[in-house]
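Inside the fold
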Amino acid sequence: MSSSVIIFLCYRLTNIMQFITGYFFMKCMDCMMKKRKGRLPFLLGLVLYTIVSTLVIFPKDMTNISFSLLLFALTNFMLYRGKWLIKLSMILIFLPIAASANLLYIDIGGHIFMHFFTEKDEVANAILSSTFFIILPVFWIIFYHFFSPSLKKIQNIFTDKAWIIVDIISLASFSALFSCIYLAPEYKTYFIWPCILACLITNMGSIRLAAYLADGLHADLERKNLQLQKNYYEELEHSQNQIRKFRHDMNNHLSVVGNLLNDGNLSEAKEYFSSISGYMQTTNRKFCQNSVVNAVINAKYQIMTNTSIDTFINIDIDKMLFIDDISLCTIFANTLDNAIEACCKIDDIAKRKLELRCRYTENGYFSFELMNSKINEIHEKKGRFLSDKEDQDSHGIGISSIKEIVNKYAGTLNISYDKEWFKVVILIG
């Protein structure tokens, strides 16, 4: 086999491994961001991320690393939907990992080649380059295998504040990477290898740290959900005990009502019947099949009943699978809390009204609509709703949590209001 054929085969093998590297690099991005639908975004992402993840990075050469940064940013913001903060975070976290891996394999491989061969050994250069390039696809395959569960967990749970914490940690590696490349010694580039390796390990560690933070946030939400379910079942047991006691005393109650009617005391009979009929009404209703949502609504419904809020609820989400229980709990609990708070500020009980409609359609759309009466003024500042609570830190937290969930599922949130009504509409699908 001629040397030209060997060189050709080596370079084609390298091209295949480049696309494998780019594919698994893109799979990591897909764990964190929602790609735009269609075949074109997939193909563009594969090509552009292949360039980003395999671009040759040399010490003292700021051109390639700067080009990689710009191309990475362009790809994230052009091909993916969602919040700019997450897209920026992906650059700060993954560019140091990709660039560090590229620089180490290129520079270490170059030193080994120059130690045993010369620049004129084209066949040896092609074979050694292809052999060393195997490191990159293997690295990203292993990386995706071990880190994809952590990445998906982060994407589902993280708040803006948590992203900012991780970004600050990753920014140190990001700055160190550029400094090392710019300040690398001319012929003794191996002096920067420990620093470049530290950048790689630090950002990989930041992903694990982010996963631990996500576990903590998830556990906190789970505790809140379990408390809601606990309250629901305690109230259900209390209601069942009331019904059992009422049935036990049924004959006595009927005798009292009968005697009052026989004596002609119609008004007293009606009053007595009204008082005992309340015990027949269980405080726990079956609003839907989802136990978490049902527990939330029952807990809020009891408050609405106690505060004399005229309530209408219609929910049909039994067949829905794609929105997790924690997200549903956050949507229902926060919106209902805000609505109940607004209604309770109305002195005229007859004007306290709340309407909740929620359904999951056959074509895969989740719709949520909540309207409540109000008298308080609504204040907005930089897109954030301000309440009149004494605790200034609690301003708009509920709405912010809902916005994060809607963004996570690429949905829309519409809030409208006038002097008498406040309306929240959520569409996800």
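It should be noted that the structure appears before, not after, this text.
An account of the accompanying structure is given in this report. (Residues numbered from 1 in each chain as written. Predicted model: local features only at pLDDT ≥ 70, side-chain atom pairs only at ≥ 80, totals over all residues. Heavy atoms only, no water.)

1. Quick notes on the overall build of the protein chain
Spelled out, the test is: The helix count covers DSSP runs of H or I at least four residues long, the strand count covers runs of E at least two residues long, and both are numbered beginning at the N terminus. By definition, residues are in contact when any of their heavy atoms lie within 4.5 Å. Shrake-Rupley sampling with a 1.4 Å probe provides the accessible areas, and residues are treated as covered by the protein chains on show and by no other component.
A count of helical and extended segments in the protein chain gives 13 helices and nine strands. In the protein chain, the share of contacts with a sequence separation of at least 24, taken over all contacts with a separation of at least 6, comes to 72%. Accessible surface for the protein chain amounts to roughly 23,500 Å². Of this, 60% is attributable to carbon and sulfur atoms.

2. Some remarks on the environment of Val56
Considering the arrangement of structural elements, one finds Val56 in the loop between helix H2 (39-54) and helix H3 (62-79). C-alpha of Val56 to C-alpha of Asp107: the two residues are 51 residues apart in sequence and 9.7 Å apart in space. For Val56, the contacting residues outside a window of four places in its chain are Asn64 and Ile106.

3. Here we look at the side chain of Ser89
Definition in use: Each residue's exposure class comes from its accessible area (1.4 Å probe, protein chains only) as a fraction of the maximum for that residue type: buried when under 20%, exposed when over 50%, partly exposed otherwise. Residues adjacent in sequence count toward polar contacts only when both atoms are side-chain atoms; beyond that, a polar contact is any pair of N or O atoms within 3.5 Å, and within protein one must be able to donate a hydrogen and the other to accept it.
Along the chain, the position of Ser89 falls in helix H4 (residues 84-116). Given a relative accessible area of 0%, Ser89 falls into the buried group. At a separation of 2.7 Å, a polar atom in the side chain of Ser89 contacts the main-chain carbonyl oxygen of Leu85. The residues contacting Ser89, other than those within four sequence positions of it, are Trp163 and Asp167.

4. Considering the nonpolar core
Applicable threshold: To form a nonpolar core, buried Ala, Val, Leu, Ile, Met, Phe, Trp, Tyr and Cys residues must be joined to one another through side-chain atoms within 4.5 Å.
Met29, Phe94, Trp140 and Phe143 are the most contacted members of the largest nonpolar core, which has 63 residues in total. Of all the secondary-structure elements, those providing two or more residues to this core are helix H1 (3-32), H2, H3, H4, helix H5 (122-133), helix H6 (135-157), helix H7 (160-183) and helix H8 (193-248). Ranked by residues supplied to this core, first place goes to H4 with 16 residues. When neighbours within four sequence positions are excluded, Trp140 is seen to be in contact with Thr21, Phe24, Phe25, Cys28, Phe94, Ile97 and Ala98.

5. Some remarks on the pattern of salt bridges
Threshold: Should a side-chain nitrogen of Lys or Arg be within 4 Å of a carboxyl oxygen of Asp or Glu, the pair is scored as a salt bridge.
Under the counting rule described, the total for this entry stands at seven salt bridges. In this structure, Asp30 and Lys35 form a salt bridge, with 2.7 Å as the shortest nitrogen-oxygen distance. Using a relative accessible area of 17% as the deciding quantity, one classes Lys35 as buried. As a salt-bridge pair, Glu341 and Lys345 come within 3.8 Å of each other at their nearest N and O atoms. On the accessibility criterion, Glu341 (27% relative accessible area) is partly exposed. Owing to a relative accessible area of 27%, Lys345 belongs among the partly exposed residues under this scheme.

6. Things to note about the pairing of strand S9 (residues 421-428)
Counted only if it meets this: DSSP-based pairing: two strands are paired if at least 2 bridges between them are found.
Where burial is concerned, the two faces of S9 differ: the one with Phe422, Val424, Ile426 and Ile428 is buried and the one with Trp421, Lys423, Val425 and Leu427 is not. Relative to S9, strand S5 (residues 366-373) runs antiparallel, the two being bridged by eight bridges. Across the sheet, Leu370 pairs through a bridge with Val424, a residue of S9. Both strand S8 (residues 412-417) and S9 contribute to a ladder of six bridges, which runs antiparallel. The residue of S9 that forms the bridge with Ser416 is Lys423. What sits between S8 and S9 in their antiparallel hairpin is a turn of three residues.

7. Considerations on the packing of aromatic side chains
The line we're drawing: We call Phe, Tyr and Trp rings a pair once their centres come within 6.5 Å, taking the six-membered ring for Trp, and we label the pair stacked below 30 degrees between planes, edge-to-face above 60, and tilted otherwise. We call a charge positioned above a ring when the Lys NZ or Arg CZ atom is no farther than 6 Å from the ring centre and deviates by at most 35 degrees from the ring normal.
Per the counting criterion, the structure on display carries 21 aromatic pairs. Ring centres of Tyr49 and Tyr80 lie 6.3 Å apart, and the angle between their planes is 45°; this geometry places the pair in the tilted category. Placement of the pair is Tyr49 in helix H2 and Tyr80 in strand S2 (residues 80-81), with a sequence separation of 31 residues. In this pair, the class of Tyr49 matches that of Tyr80, namely buried. With a centroid separation of 5.2 Å and an interplanar angle of 85°, the aromatic rings of Phe332 and Phe368 are classed as edge-to-face. In this pair, Phe332 sits in helix H12 (residues 325-344) while Phe368 sits in strand S5, placing the two residues 36 residues apart along the sequence. We classify Phe368 as buried; its relative accessible area is 1%. A connected cluster of aromatic rings, assembled from ring pairs, spans Phe25, Tyr49, Phe72, Tyr80, Phe94, Phe139, Trp140, Phe143 and Phe147. Directly above the aromatic system of Tyr212 lies the positively charged group of Arg208, at a separation of 5.3 Å from the ring centroid.

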